[in-house]
Amino acid sequence: MAFRPQQWRNIVTVSQQNPFTATVLGLPRVGPRRELKRAIEAYWAGNIDAEKLHAVARELRRAQLTELLAAGLDSIPVGTFSYYDQMLDTAVLLGALPPRVAGIADPLDRYFAAARGTDTVEPLEMTKWFDTNYHYLVPEIGPDTAFSLHPEKLLEELREALELGVPARPVVIGPITFLKLAKATGGPALARLLELLPLYRELLRRLAVAGAEWMQIDEPVLVTDLTAEEIDLVQITYAELAEATERPAILVATYFGDPGAALAPLAGTGIEAVAVDFTSGTDVSAVAAVPALAGKLVVAGVVDGRNVWRTDLDRALATLGTLLGSAGRVAVSSSCSLLHVPYTLAAETRLDERLRWWLAFGAEKVAEVQLLATGLHEGPEAIGADLAAVQAALAARRSDPRLNNPQVRARLAALGPDAVHRAPAEQRRELQRDRLRLPALPTTTIGSYPQTSAIRLARAALRKGEIDQAEYVRRMRAEIADVVALQEDLGLDVLVHGEPERNDMVQYFAEQLDGFAATEHGWVQSYGTRCVRPPILFGDVARREPMTVEWIGYAQSLTDKPVKGMLTGPVTILAWSFVRDDQPLEESARQVALAIRDETVDLQSAGIRIIQVDEPALRELLPLRAADQPAYLEWSVRSFRLATSGVSDATQIHTHLCYSEFGEVIDAIAGLDADVTSIEAARSHMEVLDDLNAAGFDLGVGPGVYDIHSPRVPSVDEITTSLRAALKAVPAERLWVNPDCGLKTRGRAEVEASLRNMVAAAAAVR
């Protein structure tokens, strides 16, 4: 049912009198079997048309909304669906796509061009969404950006939901977060705030007319450090929006941390509700300290939307009960969008049964929200059996012997200060120069090569028992030999084995380490159509046997050129896993680092002269508040150095970092003390090098000279220009030449053409 324009005056009153009680803040969109991923990639390949793609998307949304309605939620988010990224969707909503895509007539192709580029168009930059492993596209705001409202997508999804009888709550990213996360030229982005407010007011009006009783405006940036002037802008913004005469009730959602000083000014405006994350450090006393919340609906994020452990229902009910004394009304919610967890535990048929009992994926978290809402409003006795079952699961988890490995803990306790130190960099550099004898501007790649259909079929055949391990090894060795031969033909200086045997750079190691479990269908979106299955870290970590030596050693036997050993660092393994919540993250990092250290020593013993330990997630886990960052940076750097300091000074240690804003962690990057650091730089046009120089960085560096997340093949001239720009910041004796990231997701022909141009550009600049 759609509201008629004259009905708007009743909307806010109705919503205030009948606030919702159970919800989640957002939803995944790739589909439980990655249906959307496959449809989008089929569209890119020209195998289906836009209408077929839209049909797949509509069916996924319909099924999801129907399931949530059946689960008992009385307010359901709509508008969190996306073909690529919600920040890109917001740029479309506000008419803020970059001018370089304006000439693309088809709206869908224009959207994808901004996301991933074309042969002639560069994509938007990509970086991490706060401290998660989700990547968002960075809007570009220039002096000529003329904002305009384009709400068609959101209105269509609202219409679909209302036709299904769903109590739909449209969701958009708020103006403060959008501008704070945008890349601005010609002045600070927040200076454009007043241009956006009329658009948001008009959006409120359009949604009210279309039948929305509530609207959710996401402002996660409020949990970061804001200046007093920025907090004033928060109050001005929401006072202005709340004064709109035609609008739904407004819920401002904060998540990933404590809104702190922003909470009281926000609550002091005329908005109707605030969502607060109580799983990431916010104390219930913060609500009690804001008297204005006594007249608001507090949407309490007591079910963790970022991790997979069952909620302690007793503890959550205690939090909710305390909130009842401080808030006007309380609704139960996930702490953030369920975008960050798998769809459902029901799809997992091979998980250890003891572990399964401790877990809750997306569908299970929705059920927890509904249980807690029932317990809050009808009393704990209404969910007594569920409370007892959860307490039994929690007790079983606490007593499981896999959570405490005495041997690992004893080894860590016995380590001395020398375990995290190597000789000075200059001394190592001389030894490595004599041993490796590489040319100026040595060329290499980051690690992975395209995962061909033959590789995927072999992996599936092994999993189904159609081939044995010996046949699988034979096929993977053939792939390795092919990749080594390709690299020699291209003229690369330092080779890799291509990683055909690896399903994922974290999952591969987790499957070989005690304390981790892998899922079959626990897919989570990383960016666009890229999905990962984060392992579950549930116990103490130990390496059972060498994990990579056989593969790397075989590759090295095929060539006289150095082949890099390829490992994933402890911080990244944790960042891209669902981690334990029963011990400090630092302790888990030390355990993983010890396992990686043992692997580096074994690789060196096998004759490997260069070992790369990737830490692309170093910036990702940086706490959002500055006061919490030094402690994290200290232990994360120490864990990397623990992992890499067991080898001799003649063994060259590389690391790789990508797709984050690195300015805040430049000192930590230097502190890693890696002999060579390869780093994303193509989309940001080498800007990171200025930060490195400002920090006095004097180790080897390989700024990515082309962007592998775009299908375009860079020309020799383009890469030459990038290299000459890099040489203005880095002397030739320290500069390496490489792509931005691994090549796993790219096609063979595209990779070969790009690398051939890269090698030619390096030769020209030499």
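Residues numbered from 1 in each chain as written. Predicted model: local features only at pLDDT ≥ 70, side-chain atom pairs only at ≥ 80, totals over all residues. Heavy atoms only, no water.

With an unreviewed UniProt entry as reference, the protein chain is termed 5-methyltetrahydropteroyltriglutamate--homocysteine methyltransferase, source organism Nocardia amamiensis. The annotation that UniProt attaches to the protein chain under Function (unreviewed entry) is "Catalyzes the transfer of a methyl group from 5-methyltetrahydrofolate to homocysteine resulting in methionine formation." (UniProt positions renumbered as here; feature names shortened; annotations may be inferred.)

Peer 1: Would you explain the overall build of the protein chain in this entry?
Peer 2: Counting its regular elements, the protein chain contains 28 helices and 21 strands. A globule of 766 residues ought to have a C-alpha radius of gyration of about 27 Å, and the protein chain, at 26 Å, matches this closely. Looking at the 766 residues of the protein chain, the share that counts as buried comes to 61%. Restricting to contacts in the protein chain with at least 6 residues of sequence separation, those with at least 24 account for 79%. Surface exposure of the protein chain reaches about 28,000 Å², of which carbon and sulfur atoms provide 52%. Charge-centre separation for the protein chain: the mean point of 77 positive side chains lies 3 Å from the mean point of 102 negative side chains. (Helix = DSSP H or I, 4+ residues; strand = E, 2+ residues; numbered from the N terminus. Rg over C-alpha atoms; globule rule 2.2 N^0.38 Å. Buried < 20%, exposed > 50% of the residue type's maximum accessible area, 1.4 Å probe, protein only. Contact = heavy atoms within 4.5 Å. Areas by Shrake-Rupley, 256 points an atom, 1.4 Å probe, with all protein chains shown as cover. Lys, Arg positive; Asp, Glu negative; His and termini not counted. Charge placed at Lys NZ, Arg CZ, Asp CG, Glu CD.)

Peer 1: What is the right way to look at the nonpolar core in this model?
Peer 2: General note: in soluble globular proteins, nonpolar side chains tend to be found buried as a group. The biggest cluster of nonpolar side chains holds 124 residues, and the ones touching the most others in it are Trp129, Phe178, Val302, Leu320, Leu355, Leu359 and Leu372. With eight residues, the top contributor of residues to this core is helix α8 (residues 193–210). Discounting chain neighbours no more than four positions away, the residues touching valine 302 are Phe278, Thr279, Thr311, Ala316, Thr319, Leu320, Val332, Ser333 and Leu372. Membership of the second largest hydrophobic core comes to 105 residues, among which are Val506, Val563, Val592 and Ala761. (Core = buried A, V, L, I, M, F, W, Y, C linked by side-chain atoms within 4.5 Å.)

Peer 1: Hey, could you run me through the packing of aromatic side chains in this one?
Peer 2: Centre-to-centre distance and the angle between the planes together describe a pair of aromatic rings. Following the criterion strictly, the structure yields 14 aromatic pairs and no others. Measuring from centroid to centroid gives 6.1 Å for tyrosine 43 and phenylalanine 112, while their planes differ by 45 degrees, and the two rings are tilted. One end of the pair, tyrosine 43, is in helix α2 (residues 35–44); the other, phenylalanine 112, is in helix α5 (residues 107–116), with 69 residues separating them in the sequence. Note on phenylalanine 112: relative accessible area 4%, which makes it buried. The interplanar angle of 45 degrees and the centroid separation of 6.4 Å between the aromatic rings of tryptophan 44 and tyrosine 84 together place this pair among those described as tilted. Here tyrosine 84 lies in the loop between β2 (76–78) and α4 (86–93) and tryptophan 44 lies in helix α2, a separation of 40 residues in the sequence. Tryptophan 44 gets classed as partly exposed once you look at its relative accessible area, which sits at 25%. Judged by relative accessible area, tyrosine 84 falls into the buried class, the value being 4%. An aromatic cluster is built from Tyr43, Trp44, Phe81, Tyr83, Tyr84, Tyr111 and Phe112, whose rings are joined through pairwise contacts. In this structure, arginine 34 is placed above the aromatic ring of tryptophan 523, and the distance from its NZ or CZ to the ring centre is 3.7 Å. For the cation-ring pair, arginine 116 lies above tryptophan 44, with the distance from its terminal atom to the ring centre recorded as 3.6 Å. (Phe/Tyr/Trp six-rings, centres within 6.5 Å; stacked < 30°, edge-to-face > 60°. Lys NZ or Arg CZ within 6 Å of the ring centre and 35° of its normal.)

Peer 1: Quick question: what am I supposed to make of the pattern of salt bridges here?
Peer 2: When the charged atoms of two side chains with opposite charge come close together, those side chains can pair. Per the counting criterion, the structure on display carries 51 salt bridges. In this structure, the salt-bridge partner of glutamate 501 is arginine 502, at a minimum N-O distance of 3.0 Å. Each of Arg397, Arg409, Asp540, Arg580, Asp581 and Asp582 takes part in one network of salt bridges that share partners. (Salt bridge = Lys/Arg side-chain N within 4 Å of Asp/Glu carboxyl O.)

Peer 1: Just checking my understanding: could you explain the pairing of strand β17 (residues 564–568) for this structure?
Peer 2: With respect to burial, β17 is a largely interior element, five of its five residues being buried. Note that β17 and strand β18 (residues 610–614) share five bridges and pair parallel. By the bridge assignment, threonine 568 is partnered in β18 with aspartate 614. (Pairing = 2+ DSSP bridges.)

Peer 1: How do you make sense of the UniProt feature "binding site: L-homocysteine" (unreviewed entry) in the protein chain when you look at a structure like this?
Peer 2: Those places that UniProt annotates as "binding site: L-homocysteine" (unreviewed entry) correspond, in this numbering, to Ile446, Gly447, Ser448, Glu499 and Asp614. A maximum C-alpha distance of 13.6 Å among these annotated residues, which run over 169 residues, shows that they cluster at one spot. Lining residues of the largest cavity, restricted to the annotated ones just named, are Ile446, Gly447, Ser448, Glu499 and Asp614. Along the chain, the position of glutamate 499 falls in the loop between α19 (469–490) and α20 (507–510). Owing to a relative accessible area of 11%, glutamate 499 belongs among the buried residues under this scheme. With near-sequence residues (within four places) excluded, glutamate 499 lies in contact with Gly447, Ser448, Gln451 and Met566. Residue classification places aspartate 614 among the buried positions, given a relative accessible area of 6%. The residues touching aspartate 614, leaving out its near neighbours within four places in the chain, are Met505, Met566, Leu567, Thr568, Gly569, Thr572, Thr655 and His656. (1 Å grid on protein atoms, 1.4 Å probe; cavity = no way out; pocket = protein on both sides within 12 Å on 5 of 7 lines; lining within 4 Å.)

Peer 1: Just to check I follow, could you spell out helix α18 (residues 453–464) for this structure?
Peer 2: Residues separated by three or four positions in an α-helix point in the same direction, a consequence of the helix having 3.6 residues per turn. The first and last C-alpha atoms of α18 sit 16 Å apart over twelve residues, in line with the 16 Å expected at 1.5 Å per residue. Inspection of α18 places Ile455, Ala458, Arg459, Ala460 and Ala461 among the buried residues, and these make up the whole buried set. In this structure, the buried residues of α18 make contact with α19. Note on α18: the residue one or two positions beyond its end, glycine 465, has a positive phi of about 80 degrees. (Expected span 1.5 Å × (residues − 1).)

Peer 1: In this structure, what is going on with the sheet that holds β17? I would like to understand it.
Peer 2: To summarise the sheet geometry, strands pair through backbone hydrogen bonds and adopt either a parallel or an antiparallel arrangement. Taking strand neighbours across the sheet as the criterion, the five strands line up as β17-β18-β19-β20-β21 in an open arrangement whose pairing is parallel. At either end of the open sheet lies a strand with only one pairing partner, and these are β17 and β21 (700–703). Strand-to-strand, the axes of this sheet are offset by a mean angle of 20 degrees, without reference to chain direction. (Axes fitted to C-alpha atoms, helices over the stretch in contact; angles between N-to-C directions.)

Peer 1: How do you make sense of the sheet that holds strand β11 (residues 297–303) when you look at a structure like this?
Peer 2: Reading across the sheet, the eight strands line up as β1-β12-β11-β10-β9-β8-β6-β2 and stay open at both edges, with parallel pairing between neighbours. Across the chains shown, the open sheet's two edge strands, defined by having one partner strand only, are β1 (22–23) and β2. Judged from the five bridges that link them, strand β8 (residues 214–218) and strand β9 (residues 249–253) form a sheet pairing that is parallel. Directly across from glutamine 216, in β9, lies its bridge partner leucine 251. Most of the contacts of helix α12 (residues 313–324) go to β11, to which it runs at about 165 degrees, and overall it touches β11 and β12 (329–334).

Peer 1: Honestly, the packing of α19 against helix α21 (residues 549–557) in this entry has me stumped. Any pointers?
Peer 2: A packed helix pair is summarised by two numbers, namely the angle formed by the two axes and the spacing between the axes. At a closest axis distance of 10 Å, the pairing of α19 and α21 adopts a crossing angle of 45 degrees. The angle between α19 and α21 falls in the class oblique. Read as a crossing pair, α19 and α21 show a hand that is right-handed. Packed against α19, whose contacting residues are Val473, Met476, Arg477, Ile480, Ala481 and Val484, the element α21 presents Glu550, Trp551, Tyr554 and Ala555 at the interface. For the contact of α19 with α21, the residue count by class is eight nonpolar, no polar and two charged. (Parallel < 35°, antiparallel > 145°, perpendicular 65-115°, else oblique. Left-handed = near helix turned anticlockwise from the far one by under 90°. Nonpolar A, V, L, I, M, F, W, Y, C, P; charged D, E, K, R; others polar.)

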